[in-house]
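Tertiary structure, described
Next come the chains, spelled out residue by residue.
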Amino acid sequence: MSKAFTREPEGAPGDEGDEDDVAPPALPTGTKNYLTPTGYARLRGELLNLLDEERPKTVEVVSWAAKNGDRSENGDYLYGKKRLREIDRRIRFLTKRLDIAEVADPSVHHGRDQVFFGATVTYANADGDERTITIKGIDEVDSLAGEVSWIAPIARALLKARVGDEVALATPGGVERIEVVAVSYPRPLG
């Protein structure tokens, strides 16, 4: 039987069905895609790197591998094509997100004690345990660095609060009262 009529198992290197497996984080309906200038620059840099360096190198490898004959058993070709799909998917995602991005510079609030987008906030719970977070855009958040998206429940609870304010945070265990201890913003450049 010809290989053309056999079915490869799902997840095989040449599988085209993985196109939409990874959905981008959803934005709430009717909201803007806020990004800090740093986050915008990082995402734009990633897009340009993919377009100018990664994709051309991968196309070159796939083109070379395609010339080597039997593509069905050619690892360079199969994995190169898969990598090309991943790169193209990321390029589409970044392009869409950057097109709708609303860059909000948090440094305009430097010196203020009210919580807005881009603020680094220290808050304390009822037990006096303090925690510090930075409120950023959904596409630039690094949770390991203490950053949260502006749509996260903790950020929503803190937005517009001032130092000394007590706000209610809805948690799975019930409503928790937290107090804003400190608010800071990056210094303006220039």
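Residues numbered from 1 in each chain as written. Predicted model: local features only at pLDDT ≥ 70, side-chain atom pairs only at ≥ 80, totals over all residues. Heavy atoms only, no water.

1. Describing the packing of aromatic side chains
Here is the rule: Centres within 6.5 Å make a pair out of two Phe, Tyr or Trp rings, where for Trp the six-membered ring is used; the pair is then stacked when the planes are under 30 degrees apart, edge-to-face when over 60, and tilted otherwise. Strands are runs of DSSP state E lasting at least 2 residues, helices are runs of H or I lasting at least 4, and numbering of each runs from the N terminus. Throughout, exposure labels follow a simple rule: accessible area from a 1.4 Å probe, protein chains only, divided by the maximum for the residue type, with under 20% read as buried, over 50% as exposed, and the rest as partly exposed.
If you walk through the whole model with that rule in mind, you get two aromatic pairs. With centroids separated by 5.8 Å and ring planes inclined at 40°, the aromatic side chains of Tyr 34 and Phe 117 adopt a geometry described as tilted. Here Phe 117 lies in the loop between strand S2 (101-103) and strand S3 (120-124) and Tyr 34 lies in strand S1 (residues 33-35), a separation of 83 residues in the sequence. Residue classification places Phe 117 among the buried residues on the basis of a relative accessible area of 14%. The partly exposed category is assigned to Tyr 34, whose relative accessible area is 27%. Put simply, the rings of Tyr 34, Phe 117 and Trp 150 touch in pairs and so form one group of aromatic residues.

2. Regarding the nonpolar core
For soluble globular proteins, nonpolar side chains are generally found buried alongside one another. For the record, the criterion: Only buried residues count toward a nonpolar core, which is a set of Ala, Val, Leu, Ile, Met, Phe, Trp, Tyr and Cys residues joined through side-chain atoms within 4.5 Å. Note on definitions: a residue-residue contact is assigned when non-hydrogen atoms from the two residues lie within 4.5 Å.
Core analysis: the biggest nonpolar cluster contains 22 residues, and Val 121, Ile 133, Ile 135, Ile 154 and Leu 158 have the highest contact counts within it. Mapped onto this core, the elements with two or more residues apiece are S3, strand S4 (130-136), helix H3 (153-158), strand S6 (166-171) and strand S7 (174-184). The biggest single contributor to this core is H3, with four residues. Residues in contact with Val 121, not counting those within four places in the same chain, are Val 115, Arg 131, Thr 132, Ile 133, Ile 135, Leu 158, Val 180 and Ala 182.

3. What about the pairing of S6?
Heads up, the rule is: Two strands qualify as a pair provided DSSP detects at least 2 bridges between them.
As judged from the six bridges shared by S6 and S7, these two strands associate in the antiparallel manner. Within S7, the residue paired with Ala 170 across the bridge is Val 175. Between S6 and S7, which pair antiparallel one after the other, the connecting turn spans two residues.

4. Here's the deal with the environment of Arg 97
Mapped onto the elements, Arg 97 comes out in helix H2 (residues 75-99). For Arg 97 and Leu 35, which are 62 residues apart along the polypeptide, the C-alpha to C-alpha distance reads 10.0 Å.

5. Examining the side chain of Thr 134
Note the cut-off: Pairing of N or O atoms within 3.5 Å defines a polar contact, subject to two protein rules: one partner must be a possible hydrogen donor and the other a possible acceptor, and residues neighboring in sequence count only if both atoms are side-chain atoms.
Its place among the elements puts Thr 134 in strand S4. For Thr 134, a relative accessible area of 16% puts it in the buried group. A polar contact is formed between the side chain of Thr 134 and the side chain of Thr 120, at a distance of 3.0 Å. If we skip the residues at most four places from it in the chain, Thr 134 touches Gly 118, Ala 119, Thr 120, Gly 146, Glu 147 and Val 148.

6. Considering the layout of surface pockets
This is how it is decided: Only protein atoms enter the 1 Å grid used here, on which a cavity is any set of points holding a 1.4 Å probe that cannot leave and a pocket is any open set flanked by protein within 12 Å on both sides along at least five of seven lines; residues with an atom within 4 Å of a point are listed as lining. Grid points are joined across faces, edges and corners, and a volume is the space filled by probe spheres set on the points. Amino acids outside the nonpolar list (Ala, Val, Leu, Ile, Met, Phe, Trp, Tyr, Cys, Pro) and the charged list (Asp, Glu, Lys, Arg) are all regarded as polar, and Gly is one of them.
If you add up the space inside the second largest pocket, you get close to 210 Å³. Along the wall of the second largest pocket there are 13 residues; nearest its centre are Pro 37, Thr 38, Asp 105, Pro 106 and Pro 186. Elements supplying a minimum of two residues to the lining of the second largest pocket: helix H1 (37-66) and S4. Classifying every residue of the lining of the second largest pocket gives five nonpolar, five polar and three charged.

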